[in-house]
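# Coordinates in review
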Amino acid sequence: MEKKNHILVSTHIPFSLYSIDFYKLVQSGSTNKPNLGFARDDEGDNISNKNPYYSELTSLYWGWKHLDYDFLGLVHYRRYFKGRLRISADDKTVHVISEEECKSILSNYELIVPKKRHYVIETLYDHYCRTLRAEPLKIAEEVIKSKYPEYLGEFNNLRKRRSAHMFNMMIANKSFLDEYLPWLFDILDEVYNKLDMSTWTNYEKRGLGSVSELLLDIYL
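As a starting point, this report considers the structure included with it. (Residues numbered from 1 in each chain as written. Predicted model: local features only at pLDDT ≥ 70, side-chain atom pairs only at ≥ 80, totals over all residues. Heavy atoms only, no water.)

### Let's talk about the layout of surface pockets
Counted only if it meets this: Site definitions follow a grid-based scheme: protein atoms alone, a 1 Å grid, a 1.4 Å probe that fits but cannot get out for cavities, and for pockets an open set with protein on both sides within 12 Å along at least five of seven lines, plus lining residues having an atom within 4 Å of a point. Grid points are joined across faces, edges and corners, and a volume is the space filled by probe spheres set on the points. Counting from the N terminus, the helices are the DSSP runs of H or I reaching at least four residues and the strands are the DSSP runs of E reaching at least two. Ten residue types, Ala, Val, Leu, Ile, Met, Phe, Trp, Tyr, Cys and Pro, are classed as nonpolar, four, Asp, Glu, Lys and Arg, as charged, and the remainder, Gly among them, as polar.
Taken as a whole, the largest pocket spans an internal volume of roughly 840 Å³. Lining the largest pocket are 27 residues, and of these Ser55, Glu56, His76, Arg206 and Glu213 lie nearest its centre. Every element with two or more residues in the lining of the largest pocket is listed here: β1 (6–11), α4 (124–131) and α9 (207–219). Class assignment for the residues of the lining of the largest pocket results in nine nonpolar, twelve polar and six charged. A volume near 210 Å³ is recorded for the second largest pocket. Surrounding the second largest pocket, Arg79, Tyr80, Phe81, Lys82, Ile97, Ile112, Val113, Pro114, Lys115, Phe167 and Met169 form its lining. Partitioned by chemical class, the residues of the lining of the second largest pocket number eight nonpolar, no polar and three charged.

Below is the structure:
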């Protein structure tokens with residue numbers, strides 16, 4: 001059977017996407033939620049119940065585990081990689097990257113990421129600790145030091161760097177995802193298991209998803 005590449009469109013609300021099969025809607029955090037009429041991230045091997053913490057990564061985990069592809073992408077229902085393809089998203093026309101454009105780029109590179117987001121007045125580490133609880137990032141540092149010490153130097157660079165590829169958006173070859181995602185989820189799961197977030201606000205719980213944004217550039 002021929003492999004079918006997809007860009008997953010993560011959403012937690014009703015949403016319509018027309019004109020292209022390459023873009024696949026996935027209901028993110030769908031555990032115990034009404035069916036929105038498209039793929040759910042709580043089917044089969046899944047981490048859907050961790051969506052309040054891992055955000056859109058639960059959709060990526062589901063696609064990684066259940067789809068047969070040469071490359072796979074993750075975008076948000078309100079945020080896409082721009083390209084030449086026109087699609088209708090909730091009755092609005094948007095220009096998005098096509099499968100052909102992806103194939104051309106990924107024949108020479110392992111993955112596609114967004115343009116870097118720049119922080120002028122503070123480092124990535126300081127920005128995280130100012131806007132969210134610091135514990136997840138500090139525990140991530142402990143986990144990396146213990147389990148992946150070869151990445152500790154890049155983690156420490158968060159205290160100097162002021163730009164990063166954000167939003168957990170990527171389009172990547174299967175070979176890259178099969179190496180990166182076990183590393184990523186191992187770290188996130190270790191951090192998750194070490195935290196008591198029972199009194200945290202919903203916004204504070206999403207800090208693990210923000211940690212993962214920083215981990216991508218550390219891995220790269």
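### Notes on the pattern of salt bridges
Formally: One speaks of a salt bridge when a side-chain nitrogen belonging to Lys or Arg is within 4 Å of a carboxyl oxygen belonging to Asp or Glu.
For the coordinates displayed, the defined rule picks out 15 salt bridges. When the shortest N-O distance is used, the salt bridge between lysine 4 and aspartate 21 registers 2.7 Å. Of this pair, lysine 4 sits in the segment before β1 while aspartate 21 sits in the loop between β2 (17–18) and β3 (23–27), placing them 17 residues apart in sequence. What emerges from the salt-bridge pattern is a single network uniting Arg133, Glu135 and Glu204.

### So, the packing of aromatic side chains
Applicable threshold: Any Phe, Tyr or Trp ring, taking Trp's six-membered ring, that has another such ring centre within 6.5 Å forms a pair; planes under 30 degrees apart are called stacked, those over 60 apart edge-to-face, and the others tilted. Accessible area is worked out with a 1.4 Å probe on protein chains only. A residue is then buried under 20% of its type maximum, exposed over 50%, and partly exposed in between. Counting as a charge over the ring demands two things of the Lys NZ or Arg CZ atom: a distance within 6 Å of the ring centre and an angle within 35 degrees of the ring normal.
Taken as a whole, this structure holds 19 aromatic pairs when the rule is applied. When the centroid spacing of 6.0 Å and the interplanar angle of 75 degrees are considered together, the rings of phenylalanine 22 and phenylalanine 71 count as edge-to-face. Separated by 49 residues along the polypeptide, phenylalanine 22 in the loop between β2 and β3 and phenylalanine 71 in strand β5 (residues 71–76) bring together distant segments of the chain. For the residue pair phenylalanine 22 and phenylalanine 71, the accessibility class agrees, reading buried in each case. Pairwise contacts between aromatic rings join Tyr53, Tyr54, Tyr61, Trp64, Phe185 and Tyr192 into one cluster. Stacked on the ring of phenylalanine 167, the Lys or Arg arginine 79 has its end atom at 4.0 Å from the ring centre. Over the aromatic face of tyrosine 125 sits the side chain of arginine 159, whose NZ or CZ is 4.3 Å from the ring centroid.

### Examining the environment of leucine 188
The cut-off we apply is this: Throughout, a residue-residue contact means that at least one pair of heavy atoms, one from each residue, lies within 4.5 Å.
By the element assignment, leucine 188 lies in helix α7 (residues 174–194). Taking the C-alpha atoms as reference points, leucine 188 and glycine 209, 21 residues apart in sequence, are found 8.6 Å from one another. Look past the residues within four positions of leucine 188 in its chain and what remains in contact with it is Tyr54, Leu57, Leu208, Val211, Ser212 and Leu215.

### Some details on the pairing of β1
This is how it is decided: Strands are treated as partners if at least two bridges between them are detected by DSSP.
Of all six residues making up β1, six are buried, and the element is well covered by its neighbours. Burial along β1 is two-sided: the residues His6, Leu8 and Ser10 and Ile7, Val9 and Thr11 are all buried. Of the pairings in the sheet, the one linking β1 to β5 comprises five bridges and is parallel in character. Pairing of isoleucine 7 across the sheet is with glycine 73, part of β5. Where β1 and β3 come together, five bridges link them in parallel fashion. Of the residues in β3, the one forming a bridge with valine 9 is leucine 25.

### Considering helix α3 (residues 99–106)
To be explicit about the condition: Directions from the helix axis toward the C-beta atoms define the arc.
Along α3, the residues that are buried comprise Glu101, Cys102 and Leu106. Mapping the buried residues of α3 onto a view down its axis gives an arc of 120 degrees, with all of them on the same face.

### Thoughts on the sheet that holds β2
The strand order across the open sheet built from three strands is β2-β6-β7, with neighbouring strands paired in antiparallel fashion. Looking at which strands have only one partner, the edges of the open sheet turn out to be β2 and β7 (92–96). Bridging between β2 and strand β6 (residues 85–89) involves two bridges; their strand directions are antiparallel. The partner of leucine 17 across the bridge, within β6, is alanine 89.

All we've got here are geometric facts, nothing functional implied.
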